[in-house]
Amino acid sequence: MNEREKVLDQYSARVFKNRKDHIVQLDTHACEVPEIAANSRSVPGLMINRGCCYAGCKGVVLGPLQDVVVLTHGPIGCGYYSWGTRRNKAAAIDGKNFIQYCFSTDLQEPDIVFGGEKKLKQAIEEIMEIFNPACIMICSTCPVGLIGDDIHAVATWAEEKFSIKCVAYSCEGYKGVSQSAGHHIANNGLMKNIIGTGGAKPDKKFAINLLGEYNIGGDGWETERLLTQIGYEIVSVFTGDGSYEKIKNAHVANLNLVQCHRSINYIAEMMKVKYGIDWMKVNFIGIEETIRSLREIAAYFNDPKMTARTEAVIAQELADIEEDRKYYREKLQGYTAAVFVGGSRSHHYQNLMADFGIKTMIAGYEFAHRDDYEGREVIPNIKLDADTKNIEQLSPAKDDRYYHLTIGKEHFDSLLGKTDLEYYKGMFKDMGNGTVVIDDFNHYETEKLIDLFNPDIFYSGIKDKYMIQKTGTPSRQLHSYDYSGPYAGFQGAINFARDTYMSLSTPSWHYITPPWNTKPILEGTIGGGQNA
Ligand code: CFM
């Protein structure tokens, strides 16, 4: 039995049938990239790490927009739980930064019975009176979808009454199998209602949008620092430290850089059709990956001055971290890791670990799609199930006012295959022989894999961190960075290495004796003696 079979061995026939296609043990000698089942319903009863559709829409994509009041229409729990739990940092110059607040309509039972639209209008009136934002976004939760409040009509009412932008998102938690559905709904809403509404003309030369960068722990700021140092103009960021004021003019950019493919590839594709803006998959997590990304962007613009600036910035950044890089490489070389995050980081961080000689043994995603594992070439073969078909598929048309091409066809074609222009290769191709990949991993599988592979460190999230640490395996969160960061770029890589080394070398593991080493876990007596 290999490790994959050992994990599956414990399951009942029914669960086995479901889970067997979500677990792959890679054989790098095989000619074909294996297929993995992904983006499907979880098995009821298994302790999984996924979030809901509302979480993906409100929490992930829309939440970080600093000047937008994102209003949760639903019972208070949904708003409260998604309040400040994600470390998407933002700093507003004009003080219009609403991300620290929790806005909710706090629906109660009478509202569920008699309808919640009145309360939603009242909440918008209060928001206008107290905060006066230029844009409000309404996100609905499960009960709102079930009782049928027309949040879109309320948004139209708000736009007319207050002359603001108000967009409603029907992102009820149950709509889709995970937060991935919410990303798609948020992408659609931004595309239909915000992007391209600013009126700016596309007359720039080196202007870029940063897509799928949510500024967790300041990653976006570090990435922006590198790009602006080279001379690129950042038009907008989707959506870390991003703003309504900026993304409405996102249509003027020359190139869209995609950091997190899973959460935002829809906007990248739609902007290509509508505005002619090419997109490129980049990765600013990892030293080698940052260098590769910067060089590919330079290759896209193909401007001698920008290329020279790119090399100068890379050389300077490398010189700045040289000593630390060498130190941590020596310390970390040879360690093994497991990495389980949402839908893109488990790949990105493997590249960063490789910079320091850490080998990934097991990896997994909560809600990625097959293309995030196997590469975008499989997209035409992905069968859409009813859950996916449930989500609107936009087909935007070319917008003649703003359509602009930055590079000629010949140059575009020459970059295909050589760079990640309009391509994402997925996680599998960067992983070693015998490594195990799991889609929609659960707690049992996590424990079992720790048992089988005994990784030195386990990167994951808050839902499983302490469960992992109870096995004596250090665990660091890659969603929030455990209040550290940034981890992006050159300096960020050193921060990551420092934190990892700290976790691996802490003596705290030796200070405690787990209770099961001193007393039996179960105590019992042999029964039945009396009647024997
Ligand atoms: Fe993209 Fe993200 Fe991720 Fe994601 Fe997330 Fe996140 Fe994530 Mo937590 S957008 S898919 S829904 S990179 S919140 S910033 S860390 S699960 S791997």
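Numbers given to residues run from 1 along each chain, matching the order in which its sequence is written. Per-residue local features of the predicted model are confined to residues with pLDDT of at least 70, and side-chain atom pairs are confined, for both listing and counting, to 80 or more; whole-chain, interface and lining totals are unaffected and use all residues. To get the side-chain values, all heavy atoms of the structure are used, and hydrogens and water are removed first.

Digging into the site of the ligand
As a reminder, the rule being used: Any residue with a heavy atom positioned within 4 Å of a molecule or strand is treated as near that molecule or strand. Following the grouping adopted for this structure description, the nonpolar residues are Ala, Val, Leu, Ile, Met, Phe, Trp, Tyr, Cys and Pro, the charged ones are Asp, Glu, Lys and Arg, and the polar ones are all others, Gly among them.
The environment of the ligand is formed by 14 residues, the closest being Arg 86, Cys 260, Gly 342, Ser 344 and His 479. Across the shell around the ligand, the residue classes tally to six nonpolar, six polar and two charged.

Focus: the sheet that holds strand 7 (residues 233-239)
The following threshold applies: Note: two strands are recorded as paired if DSSP finds a minimum of 2 bridges between them. Going along the chain from the N terminus, every DSSP run of H or I of four or more residues is numbered as a helix, and every run of E of two or more is numbered as a strand. Only C-alpha atoms enter the line fits that serve as axes; for helices the fit covers just the stretch in contact. Angles between N-to-C directions range over 0 to 180 degrees. Contacts are residue-level and defined by heavy atoms, with any inter-residue pair within 4.5 Å sufficient.
If you walk across this open sheet you meet the four strands as 7-6-8-9, and the pairing is parallel. This sheet does not close on itself; its edge strands, each paired only once, are strand 7 and strand 9 (278-281). Ignoring strand direction, the axes of neighbouring strands in this sheet form an average angle of 25°. The pairing of strand 8 (residues 255-258) with strand 9 spans four bridges and is classified as parallel. Bridge pairing links Asn 256 to Trp 279 in strand 9. Seen against the sheet, helix 10 (residues 219-230) touches strand 6 (207-213), strand 7 and strand 8 and runs at an angle of roughly 160° to strand 6.

As for the layout of surface pockets
Just so we agree on the cut-off: Space inside and on the surface of the protein is sampled on a 1 Å grid over the protein atoms alone, with a cavity defined as a set of points where a 1.4 Å probe fits but cannot get out and a pocket as an open set with protein on both sides within 12 Å along at least 5 of 7 lines; lining residues have an atom within 4 Å of a point. Grid points are joined across faces, edges and corners, and a volume is the space filled by probe spheres set on the points.
Estimates place the volume of the second largest pocket at around 970 Å³. Asn 39, His 369, Ile 382, Leu 384 and Thr 388 are the residues nearest the centre of the second largest pocket, which is lined by 39 residues in total. Counting only elements with at least two residues in the lining of the second largest pocket, the list comes to helix 2 (13-19), helix 9 (179-193), helix 12 (261-275), helix 16 (370-374) and helix 17 (386-389). Looking at which element gives the most residues to the lining of the second largest pocket, the answer is helix 12, with six residues. For the lining of the second largest pocket, a count of residues per class yields 14 nonpolar, 14 polar and 11 charged.

A short note on the packing of helix 13 (residues 287-301) against helix 14 (residues 304-332)
Short version of the rule: These descriptions rest on fixed angle ranges, namely under 35 degrees for roughly parallel, over 145 for roughly antiparallel, 65 to 115 for roughly perpendicular, and the rest for oblique.
Running from amino to carboxyl end, helix 13 crosses helix 14 at an angle of 170°, the nearest separation of the two axes being 10 Å. Comparing their axes, helix 14 and helix 13 come out roughly antiparallel. Across the interface between the two elements, Ile 287, Glu 288, Ile 291, Leu 294, Arg 295 and Ala 298 from helix 13 touch Thr 307, Thr 310, Glu 311, Ile 314, Leu 318, Ile 321 and Arg 325 from helix 14. When the residues that make up the contact of helix 13 with helix 14 are grouped by side-chain class, the tally is seven nonpolar, two polar and four charged.

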